[in-house]
Amino acid sequence: MTMTKNSLLAELIEGAPPSDGRFGPYGGRFVPETLMAVLQRLERKSIELLADSGFKAELKAEQRDFIGRPTALSPAPGLGERWGAEVYLKREDLCHTGAHKINNALGQALIAKRLGVSRIVAETGAGQHGVATAAAAARVGLPCTVYMGVIDARRQKPNLERMKLLGAKVILVETGDQTLRSAIDEAMRDWVSDPDGTYYLLGSVVGPHPYPWMVREFQSVIGHEARNQMIARGGGLPDVAVACVGGGSNAIGLFRGFVGDPEVELLGIEAGGRGGDGDPHSATLGKGSPGVLHGAMTPLLQDAHGQIEDTHSIAPGLDYPGVGPEHALLRDLGRARYESVTDDDALDALHECSSAEGILPALESSHALAGAKRWAASHPGARIVVGLSGRGDKDIQLLTGEVPHD
Ligand SMILES: *Cc1c(COP(=O)(O)O)cnc(C)c1O
C-alpha cells in the first residue's frame with residue numbers, strides 16, 4: 001500500500017498525462033460511445049501540442065499579449081500585520097477578463113483552432129467561464145455558443161451582456177436545475193450532435209479525460225510563475241499555498257508549482273455555505289462520496305440513492321457538486337489538505353482584503369483568504385501565498401443585495 005502511494009505520488013509530481021485517464025481511482029471517461037473517438041483524438045492532439053515548441057511559443061506569446069501575463073505577486077503587508085504572517089497574493093484578478101479562467105479558455109481555443117473545428121461550445125454558471133470563452137473564441141476567430149441556466153442568467157445579468165458583446169450566442173437553459181449542472185448537460189448534448197465540427201471548451205479540471213489533465217496544464221502557469229516569484233521576490237519558498245476549490249482549476253494551477261516541494265503545504269478551501277447543520281454547501285472533498293458526474297468518477301455531493309444534492313455557496317463559482325479528480329487523489333495521498341469556510345467568513349475576508357490592501361477580491365477568492373487567515377492563526381510568522389483567483393467587481397450586485405444570493 002505504501003509502495004503504491006509513493007509511486008502514485010511520484011507519478012502525480014512528474015505530471016505526465018495519465019495513460020489510462022485516471023488519477024488513482026478517480027477520473028476516467030464515462031461518456032456515450034459517440035464521444036469516445038472524439039475524446040481520444042483530443043487526447044492525442046492535446047498531448048502532441050502541449051509538447052510542441054511551436055504551440056508552446058504561440059501560447060506563451062498569447063498569455064503575454066492577450067491575458068497580460070505574468071501576473072503580479074503582491075506582498076500584502078496589511079493582511080500580514082493583521083494575521084501575524086508574511087502574506088503574498090498571486091494576482092489572477094489582474095488577468096484579462098478578471099480571473100484565472102482565461103488561462104484555460106485561451107489555451108483550449110488555440111487547440112480548437114489547430115483541430116480545425118468550425119465552432120466552440122461552452123457552459124457557464126456565474127458567467128465567468130462564458131465570458132472568458134467568448135473572449136478567447138473571438139481572439140482566435142471562431143464562433144462561440146454558450147449555454148447558461150436561466151436562473152444564473154437572471155442573477156448574473158452583466159456577464160450575460162458581456163458575452164453577447166464579445167460576440168457569443170448565449171442559449172438560456174430552462175431544463176433541470178436551470179443552473180450550471182443543466183448548462184453542462186445541454187452543452188454536452190450540443191457537442192454530441194456534431195462532435196467533429198464542434199469543440200467543447202470545458203471550464204474547470206472536471207469532465208472526462210483529457211480535460212482534467214489538459215485544463216490543469218493550462219492553469220499550471222499560475223503555480224510556476226508564483227514559485228519563481230516567491231524565490232525572486234519573497235526570498236524563498238512559502239510554507240503554505242492556499243487556494244479556493246470549486247471545480248478545482250485555480251487551486252490545481254497554484255499547487256502544480258509546489259507539488260514537488262514537500263516542505264510546502266498545499267491547502268484547498270471549499271465553500272462551507274451558511275455553515276449550519278444540514279444546510280446546503282459545496283464542500284465536495286470534505287463531505288462527498290465517489291460517483292460519476294459529467295463523464296468522470298469523482299467525489300460528489302449525493303444522497304444515498306446517488307441523486308445529486310442541492311449545493312450552495314455565496315460564491316457562484318464554487319457552487320458545484322463535483323470536484324476535479326486530481327484533488328481527490330492529492331487528498332487521499334495526504335499531499336494536499338482541504339478545509340471549508342462559511343459564507344460569512346468569506347465576506348469578512350473580502351472586506352478585510354479590500355480595506356487592508358486596496359484589492360477587492362472575488363467572493364470565491366475570499367474563501368482562500370479566510371482559509372489562509374485561519375491557518376495563519378496557528379502558524380505565527382509563516383510565509384503564505386494565496387491564490388487570488390479573480391476580482392470582486394462581478395460580485396458587487398450580490399454584495400449590495402441588488403440580486404438575491406440564491
Ligand atoms: C470559477 C471561479 C472559481 C472556481 O473555479 P475553479 O475551477 O475551482 O478554480 C474560483 N475563483 C473565481 C474568481 C472564479 O471565477
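Refer to the structure above for everything that follows.
Bear in mind that the values here come from a model prediction, so they are computed numbers and not experimental data.

Asks: Tell me what's going on with the packing of helix H11 (residues 249-256) against helix H13 (residues 325-332), and back it up with residues and numbers.
Replies: Two elements in contact, H11 and H13, have axes whose closest approach is 10 Å; the angle formed by their N-to-C orientations is 55°. For the element pair H11 / H13, the angle class is oblique. Of the two possible hands of crossing, H11 and H13 adopt the one that is left-handed. Packed against H11, whose contacting residues are Ala251, Ile252, Phe255 and Arg256, the element H13 presents Glu326, His327 and Leu330 at the interface.

Asks: Give a description of the site of the ligand that names residues and reports values.
Replies: Around the ligand sit 17 residues, and of these Lys101, Ser204, Gly248, Ser249 and Ser389 come closest. In the environment of the ligand, an oxygen atom lies 2.7 Å from a nitrogen or oxygen atom belonging to the backbone of Gly248. Here a nitrogen atom of the ligand and a side-chain polar atom of Ser389 are 2.7 Å apart. If the ligand stood free it would expose 380 Å²; the protein chains cover 97% of that surface. Using a 2 Å cut-off from the grid points, one finds that the ligand occupies the largest cavity. Among the residues making up the shell around the ligand, the classes are represented as 4 nonpolar, 11 polar and 2 charged. Three or more residues apiece are contributed to the shell around the ligand by two domains, here domain 1 (21-63 + 101-214) and domain 2 (68-99 + 216-400).

Asks: Break down helix H14 (residues 343-357) for me, citing the residues and quoting the values.
Replies: In this model, H14 (15 residues) spans 21 Å end to end at C-alpha, consistent with the 21 Å of a helix rising 1.5 Å per residue. Within H14, burial applies to Asp343, Ala346, Ala349, Leu350, Glu352, Cys353, Ala356 and Glu357. Buried residues belonging to H14 abut strand S3 (73-75), helix H4 (77-83), strand S4 (86-91), strand S13 (336-341), helix H15 (363-377) and helix H16 (396-399). With its phi angle positive at about 70°, Gly358 sits one or two positions after the end of H14.

Asks: Describe in detail the pairing of S4, supporting the description with residues and values.
Replies: The buried count for S4 comes to 5 of 6 residues, which makes it a mostly enclosed element. Looking at chain direction, S3 and S4 are connected through 3 bridges and run antiparallel. When the sheet's bridge partners are listed, Leu73 is paired in S4 with Lys90.

Asks: Give a detailed account of the pattern of salt bridges, specifying residues and quantitative values.
Replies: Once their charged atoms are close, side chains differing in charge can pair, the charge on each being opposite to the other. If you walk through the whole model with that rule in mind, you get 29 salt bridges. The closest approach of N and O atoms between Arg139 and Glu62, which form a salt bridge, is 2.7 Å. Of this pair, Arg139 sits in helix H6 (residues 128-140) while Glu62 is found in helix H3 (residues 53-67), placing the two residues 77 residues apart along the sequence. Looking at Glu62, the relative accessible area reads 14%, which means it is buried. Linking Lys373 and Glu352 is a salt bridge whose minimum nitrogen-to-oxygen distance equals 3.2 Å. One end of the pair, Lys373, is in helix H15; the other, Glu352, is in helix H14, with 21 residues separating them in the sequence. Lys373 gets classed as partly exposed once you look at its relative accessible area, which sits at 38%. Of the residues examined, Glu352 reaches a relative accessible area of 14% and is grouped as buried. Several salt bridges converge on common partners, so that one network encompasses Arg69, Lys90, Glu92 and Glu225.

Reading the values: the criteria
- Residues numbered from 1 in each chain as written.
- Predicted model: local features only at pLDDT ≥ 70, side-chain atom pairs only at ≥ 80, totals over all residues.
- Heavy atoms only, no water.
- Axes fitted to C-alpha atoms, helices over the stretch in contact; angles between N-to-C directions.
- Helix = DSSP H or I, 4+ residues; strand = E, 2+ residues; numbered from the N terminus.
- Parallel < 35°, antiparallel > 145°, perpendicular 65-115°, else oblique.
- Left-handed = near helix turned anticlockwise from the far one by under 90°.
- Contact = heavy atoms within 4.5 Å.
- Near = heavy atom within 4 Å.
- Polar contact = N/O pair within 3.5 Å; in protein donor to acceptor, adjacent residues only side chain to side chain.
- Areas by Shrake-Rupley, 256 points an atom, 1.4 Å probe, with all protein chains shown as cover.
- 1 Å grid on protein atoms, 1.4 Å probe; cavity = no way out; pocket = protein on both sides within 12 Å on 5 of 7 lines; lining within 4 Å.
- Sits in = over half its atoms within 2 Å of the grid points.
- Nonpolar A, V, L, I, M, F, W, Y, C, P; charged D, E, K, R; others polar.
- Domains from an automatic or database assignment.
- Expected span 1.5 Å × (residues − 1).
- Buried < 20%, exposed > 50% of the residue type's maximum accessible area, 1.4 Å probe, protein only.
- Pairing = 2+ DSSP bridges.
- Salt bridge = Lys/Arg side-chain N within 4 Å of Asp/Glu carboxyl O.

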